[in-house]
Every structure is written in structure tokens, then in C-alpha cells.
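Per-entry structural report
The residues making up each chain are set out below.
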Amino acid sequence: MIVAKNIKRLREENKLSMEELAKLSGVSKSMLAQVERGKGNPTLSTLWKISNGMKVPFDALTMRPKTPYEIVKTSDIQPLLEDNGKVKNYSIFPDNENRRFAVYYLELEPGSYWQSDPHLRGTTEYITVFGGTLEIEADDHHFIISKGESLRFKGDTTHSYRNCSDQTVILHMILYTP
């Protein structure tokens, strides 16, 4: 419901009709209507298309109300799912107007794969793996990172993540947008 409310609020603030947002994002008007009513379960790819269509950071769609202090429990967050639920993406600390970064916690089941559309221009991703082995392809480069290793790469091009181990990959991702 947070995503639904944020999309509607941002669309209205930008004075966009559903039809205009559909054209800008490449997401059908019927899917946008479902998402805004909280009836649809959009994929990460769909949400990226919507955020890019409105030219807002991805986390503007997932932002929770703010307090001066915040304890975040992944058990309280509805993850965004990819690869038929094998990839779970928890938005821990979303981006906002005063902070140009976001923090995510991800779990990728063995054999899972997720391809991400490019983020906003200039975005850099920082990945730290806490369990398993992860294969990342970004900007025509191929990386294998395992538990205890980190990778920084340009996130404004198409990139992908594949669990190439027999255990669940656990990672933290920080997206920085200048």
C-alpha cells in the first residue's frame, strides 16, 4: 500500500494522467491502475519503469513515513519479488530528497536470476555479499563475488545478478545517485 500511495501521489504531483504515465513508463494503464489501488503485485522491473517514467528515484515509490529514529525489521517489510519469488528485495532505507542513497537487503535462492533495468544516470551500486556466491554482469563486465567480498559498479546500464552457488546468497546493496 505504501507503493500504491506513493505512485498516485507522485503522479498527481507531476500532473500526469494515467495515460500519460503509461506512455512515459511503458507500463499499461490497466497495470498502473491496479498498482495504484494496491491490487497488483508489480515486479521490480515494472516499478523501475514507473520511476524512470516519472524521473524520480526508485525509492520515492517505496518510501515509508519518516521518524527521527528508525529500527527496520525485514520481517515487517513486504519484499519486492523477481524470478518467481526466488529473488527477494527488501527496501531497508529508501532514497529521499535529502539523501541520495538507498540501502537494500536481498536474498537470492540457488539458481535465481534477476536482470535490472538501468537506474537513473550516474547511479553507482555497492554490493556486499554475506553468504553464497554471486555472479554480476554490468556494462559488459563479468564479476564473481563471494561471502566477505564487495563490488562497486555503474548502475545506470542494464545489469544482472545470478546466484551461482548451492546456497542462498545474502547481500546488501547501496544505490548512490549523485
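Just so it is clear, the model here is predicted, and its values are computed rather than measured.

Scoring rules and cut-offs
- Residues numbered from 1 in each chain as written.
- Predicted model: local features only at pLDDT ≥ 70, side-chain atom pairs only at ≥ 80, totals over all residues.
- Heavy atoms only, no water.
- Helix = DSSP H or I, 4+ residues; strand = E, 2+ residues; numbered from the N terminus.
- Contact = heavy atoms within 4.5 Å.
- Areas by Shrake-Rupley, 256 points an atom, 1.4 Å probe, with all protein chains shown as cover.
- Lys, Arg positive; Asp, Glu negative; His and termini not counted.
- Charge placed at Lys NZ, Arg CZ, Asp CG, Glu CD.
- Buried < 20%, exposed > 50% of the residue type's maximum accessible area, 1.4 Å probe, protein only.
- Pairing = 2+ DSSP bridges.
- Axes fitted to C-alpha atoms, helices over the stretch in contact; angles between N-to-C directions.
- Patch = residues over 30% accessible without salt bridge, like charges linked within 9 Å, V, L, I, M, F, W, Y side chains within 5 Å.
- Salt bridge = Lys/Arg side-chain N within 4 Å of Asp/Glu carboxyl O.

**A closer look at the overall build of the protein chain**
- When helices and strands are tallied, the protein chain shows 4 helices and 10 strands.
- When the helices and strands of the protein chain are read in sequence order from the N terminus, they spell out α-α-α-α-β-β-β-β-β-β-β-β-β-β.
- Its C-alpha atoms give the protein chain principal-axis dimensions of roughly 45 × 40 × 30 Å.
- At a minimum sequence separation of 6, the contacts of the protein chain that also span at least 24 residues come to 64%.
- Approximately 9,700 Å² of the protein chain is accessible, and the part contributed by carbon and sulfur atoms is 50%.
- With 23 positive and 23 negative side-chain charges, the protein chain shows a separation of 7 Å between the mean positions of the two kinds.

**Digging into the pairing of strand β3 (residues 101-108)**
- Across the 8 residues of β3, 6 count as buried, placing the element largely inside the fold.
- Inspection of the sheet shows strand β2 (residues 87-93) paired to β3 by 6 bridges, in the antiparallel sense. Bridge pairing in β3 places Val87 opposite Leu108.
- Where β3 meets strand β10 (residues 169-176), 8 bridges bridge the pair, whose relative direction is antiparallel. Bridged to Leu108 within β10 is Val169.

**With respect to the environment of Gly53**
- Mapped onto the secondary structure, Gly53 falls in helix α4 (residues 44-54).
- Sequence separation of Gly53 and Cys164 is 111 residues, and the distance between their C-alpha atoms is 32 Å.
- Non-local contacts of Gly53, meaning those with residues more than four positions away in its chain, are made with Leu21, Leu24 and Ser25.

**Considerations on the sheet that holds strand β5 (residues 124-131)**
- Overall, antiparallel pairing links the 6 strands, which are arranged β1-β2-β3-β10-β5-β8 in an open sheet. The sheet terminates laterally at β1 (80-82) and β8 (150-154), the two strands that pair on one side only. Taking each pair of neighbouring strands and ignoring which way they run, the sheet shows an average axis angle of 25°.

**A few points about the sheet that holds strand β6 (residues 133-138)**
- Strands sit in the order β4-β9-β6-β7 across an open sheet of 4 strands; the sheet is antiparallel. The sheet is open, and its two borders are formed by β4 (113-116) and β7 (141-146), each paired with just one other strand. Geometrically, the sheet is characterised by an average inter-axis angle of 15° between neighbouring strands, direction not taken into account.

**Quick look at a nonpolar patch on the surface**
- On the surface, a nonpolar cluster with roughly 240 Å² of combined accessible area is contributed by Phe101, Tyr126 and Ile174.
- With respect to the helices and strands, the residue Ile174 is situated in strand β10.

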